[in-house]
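Results of the structural survey
Given next are the chains, with one letter for each unit.
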Amino acid sequence: MNSKIVILGGGVGGTLAANLLVDRVGHAATVTVVDPTGMHAYQPGFLYVALGQANGRWLGRDERNLLDKRVDLVIETAERIDPEKRTVTFASGGSLDYDYLVLATGSRTLPERVPGFVGAGQEFYSLTGAMRLREELRRFKGGRVLIGIAGIPYKCPPAPVEFTLMLEEQLRDRGLRQQSEVTLLSPLNRCFTIESASTLVQPIMEKRGIKLSTFFNVESVDPIKGTVSSIEGDEAAYDLLVLVPPHRGQAVIDASGLGDEGGWVPTDRNTLQHKRYDRIFTIGDATDLPISKSGSTAHFQAPIVASRIVSLIKGIEPKATYEGRVMCFLETGGRRATTLRFDYAHPPVPPRPAMVWHAAKWMFNRLYWHTVPQGRVG
Amino acid sequence: MKEAVMASIVEELHQLDVKGLQCPMPIVKTAKAMKALASGDVIEVIATDPGSVKDFAAWSKATGNDLLESTAVDGVFRFVLRKR
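Counting from 1, residues in each chain are numbered in the order their sequence is written. Note on labels: chains are lettered from A, ligands numbered from 1, in written order. Only residues with pLDDT of at least 70 are given local features in this predicted model, and only at 80 or more are side-chain atom pairs given and counted; all residues enter the totals for whole chains, interfaces and linings.

Moving on, we get to the overall build of chain A. Helix and strand counts for chain A stand at 10 helices and 21 strands. Our radius of gyration is a C-alpha quantity, and the globule rule it is checked against amounts to 2.2 Å times the number of residues to the power 0.38. A compact globule built from 378 residues would reach a C-alpha radius of gyration of about 21 Å, and chain A, at 21 Å, matches this within 12%. The buried share of chain A, taken over its 378 residues, is 48%. Contact criterion: two residues are in contact if their C-beta atoms, reconstructed from the backbone, are within 7 Å. A fraction of 65% describes how many contacts in chain A between residues 6 or more apart in sequence connect residues 24 or more apart. Working definition: helices are DSSP H or I runs of at least four residues, strands are E runs of at least two. Numbering for both runs from the N terminus. Burial is judged by counting the other C-beta atoms within 10 Å of a residue's own C-beta: 20 or more makes it buried, 12 or fewer makes it exposed, and any count in between marks it as partly exposed, with every C-beta position built from the backbone.

Let us now look at the overall build of chain B. Scanning chain B for helices and strands turns up 3 helices and 4 strands. The order of helices and strands in chain B, counted from the N terminus, is α-β-α-β-α-β-β. Across the 84 residues of chain B, 31% fall into the buried class.

Below, the discussion takes up the sheet that holds strand 13 (residues 211-213) of chain A. All names here are of chain A. Whether two strands pair comes down to DSSP finding at least two bridges between them. Judged by pairing direction, the sheet is parallel, and its 4 strands sit side by side in the order 13-12-11-17 without closing on themselves. Each having just a single partner strand, strand 13 and strand 17 (240-244) make up the two edges of the open sheet. Within the sheet, the average angular offset between the axes of one strand and its neighbour, ignoring direction, is 20°. Pairing of strand 11 (residues 144-149) with strand 17 involves 5 bridges; the strand directions are parallel. Working convention: axes come from line fits to C-alpha atoms, limited for helices to the stretch in contact. Angles between N-to-C directions cover 0 to 180 degrees.

Further remarks concern the sheet that holds strand 15 (residues 227-230) of chain A. All names here are of chain A. Spatial ordering of the open sheet is given by 14-15-16, a layout of 3 strands whose pairing is antiparallel. A single partner strand is all that each edge strand has here, and the edge strands are strand 14 (218-222) and strand 16 (235-237). Pairs of neighbouring strands in the sheet enclose a mean axial angle of 25°, with direction left out of account. Across 4 bridges, strand 14 lies against strand 15 in antiparallel orientation.

Residues and elements named next belong to chain A. The term nonpolar core refers to a group of buried residues, namely Ala, Val, Leu, Ile, Met, Phe, Trp, Tyr and Cys, whose C-beta atoms join them within 7 Å. In terms of nonpolar packing, the biggest core is built from 77 residues, with Leu47, Ala50, Phe124, Val218 and Leu241 touching the most fellow members. Residues within four places of leucine 241 in sequence aside, it is in contact with Ala120, Gly121, Gln122, Leu146, Val221 and Val228. Counting residues in each nonpolar core, the second largest holds 48 residues, with Ala78, Ile304, Ala306 and Val310 among its members.

Now for the packing of helix 1 (residues 12-25) of chain A against helix 9 (residues 295-314) of chain A. How two helices pack is summed up by the angle between their axes together with the distance between the axes. Residues and elements named next belong to chain A. Between helix 1 and helix 9, the least distance of the axes is 8 Å, while the angle of their chain directions is 30°. Taken as axis vectors, helix 1 and helix 9 run roughly parallel relative to one another. In this structure, helix 1 meets helix 9 at a crossing whose hand is right-handed. Packed against helix 1, whose contacting residues are Val12, Gly13, Leu16, Ala17, Leu20, Leu21, Arg24 and Val25, the element helix 9 presents Gly295, Ala298, His299, Gln301, Ala302, Pro303, Val305, Ala306, Ile309, Val310 and Ile313 at the interface. By the definition adopted for this analysis, an angle is roughly parallel if under 35 degrees, roughly antiparallel if over 145, roughly perpendicular if from 65 to 115, and oblique otherwise. Rotating anticlockwise by less than a right angle from the far helix to the near helix defines a left-handed crossing, while the corresponding clockwise rotation defines a right-handed one.

On to helix 10 (residues 355-371) of chain A, then. The length a helix should cover is 1.5 Å for every residue beyond the first. Compared with the 24 Å implied by 1.5 Å per residue over 17 residues, the 23 Å span of helix 10 of chain A between its first and last C-alpha is a close match. We define the bend at each residue as the angle formed by axes fitted to the 7 residues ending at it and the 7 residues starting at it. A bend of about 35° at Asn365(A) is the largest found in helix 10 of chain A.

Attention shifts here to the pairing of strand 3 (residues 66-73) of chain B. Residues and elements named next belong to chain B. For strand 3 and strand 4 (residues 76-82), the ladder comprises 7 bridges, and the chain directions are antiparallel. Residue pairing for strand 4: glutamate 69 is matched across the bridge by valine 80. In this structure, the hairpin formed by strand 3 and strand 4 is closed by a connection of 2 residues, where aspartate 74 is found at a positive phi of approximately 50°.

Residues and elements named next belong to chain A. Residues isoleucine 152 and proline 153 are joined by a peptide bond in cis, for which omega reads 0°. Locating proline 153 in the fold gives a position in the loop between strand 11 and helix 6 (159-173). For arginine 86, which is not glycine, the phi torsion reads 60° and is therefore positive. In this fold, arginine 86 is placed in the loop between strand 6 (78-82) and strand 7 (87-90). Judged by local crowding, arginine 86 falls into the partly exposed class, with 18 C-beta atoms found within 10 Å. Even without a glycine there, the phi angle at phenylalanine 215 is positive, about 45°. Positionally, phenylalanine 215 belongs in the loop between strand 13 and strand 14.

This next bit is on the environment of Ala41(A). Looking at where Ala41(A) falls in the secondary structure, it is placed in strand 3 (residues 39-41). A residue is classified by how many C-beta atoms lie within 10 Å of it, and Ala41(A), with 19 of them, is partly exposed.

To continue, consider the environment of Val310(A). Within the element layout of this structure, Val310(A) appears in helix 9. Excluding residues within four positions of it along the chain, Val310(A) makes contact with Leu21(A), Arg24(A) and Val25(A).

Bringing the confidence of the model for chain B into the picture now. In this model, chain B carries an average pLDDT of 86, and 86% of its residues clear a pLDDT of 70 or more. Scoring of the predicted complex yields 0.92 for pTM and 0.75 for ipTM. Known as pLDDT, the predictor's confidence for each residue is given on a scale from 0 to 100.

This brings us to the environment of Leu66(A). All names here are of chain A. Looking at the secondary structure, you find leucine 66 in helix 3 (residues 63-66). For the pair leucine 66 and tryptophan 369, spaced 303 residues apart in the sequence, the C-alpha separation amounts to 7.6 Å. Setting aside its immediate chain neighbours within four residues, leucine 66 contacts Thr15, His40, Arg61 and Pro373.

Below you can see the structure in the form of structure tokens.
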């Protein structure tokens, strides 16, 4: 009898896993992707949209065009998973049974969880937010800019640093730098969680006169006073406030009792299997793994999950394991970037920022649609 | 001696387990937990992130909350902090 593989989420991880699975299982299984919108977003592009360097139109594609023809696509919002009966129920009332379930549901952002954020603060973690910030920046005539983090974990850890460096450059180019003060509010005593990257970036920030406010974990915003407060009890005044909103796992994870207190799925760090239900695998942002929530993480995990499910269906011992591999670029402005490559056992050793990494990032941005979902790059 | 000091305050000792969490989660969780404490309260934090040793020392210095103890046994780090 055919096995049924259901994948929730048509992002990087879900799409790649579906394409790899359908290719390897042959007639032994059916592969179905369930996605609430059917549109695939290239989220790393939001940063460029916010800075007016890219058009929002470039960031979305019809998921159908990225999936192998043999993959079934269902446009529904998964509302509840029953891991005992092995069914997924949709908001519309329909349902699907599965033998293997892949959770590639990603994360959601909840700016409303921070008092005062909505309306007063800007963000670039959604396409709408990025476009709104772009327009706000167009109107900006100089003043105090604060960039802060209002919840951990969050997607793409380098993004706030990248945004800070790129925004400072933009203000210089527009002749607004003199009348502006740019400050990064950091959760730690350094600009970036990964120490080696911090050591590399901090002198660049100092050289450009970007201020660093340490141990400032954003708790609330006072739009009347124009200030932001930290858990540590400090306060800072802004004219333009850009915050990373709090992140959480998707509602379906919470509603099904499959996640932890942050809505993240308890996942084995090597097999990517659910800690309680061995027919459920999780990819990307949705896991509780202590590694970066980024597209590259999902990209490296999808083949592992696909391989393990194929082995299980064929009745052989799964061998592929995930070793924590992550790779990202970090734009430092001036058309330069560095790269962070690491895994569970090896912290990153980033090279000096160079034009070649900026070029590599742009090449990746351009080629993404034709390579990653199809599994053409490893 | 240290045990005696700890025993005397153990009744008010608050605890926070951040094992398995990576930087900067241990600091953020501790900052949140400290917020709910009264001045003078003591909290014990157990972590497994090796980076937390430096981070807790710096955080204590920056925020003025005393780091009473910082020990490591078999990859498990224990910090005792007193709220300012």
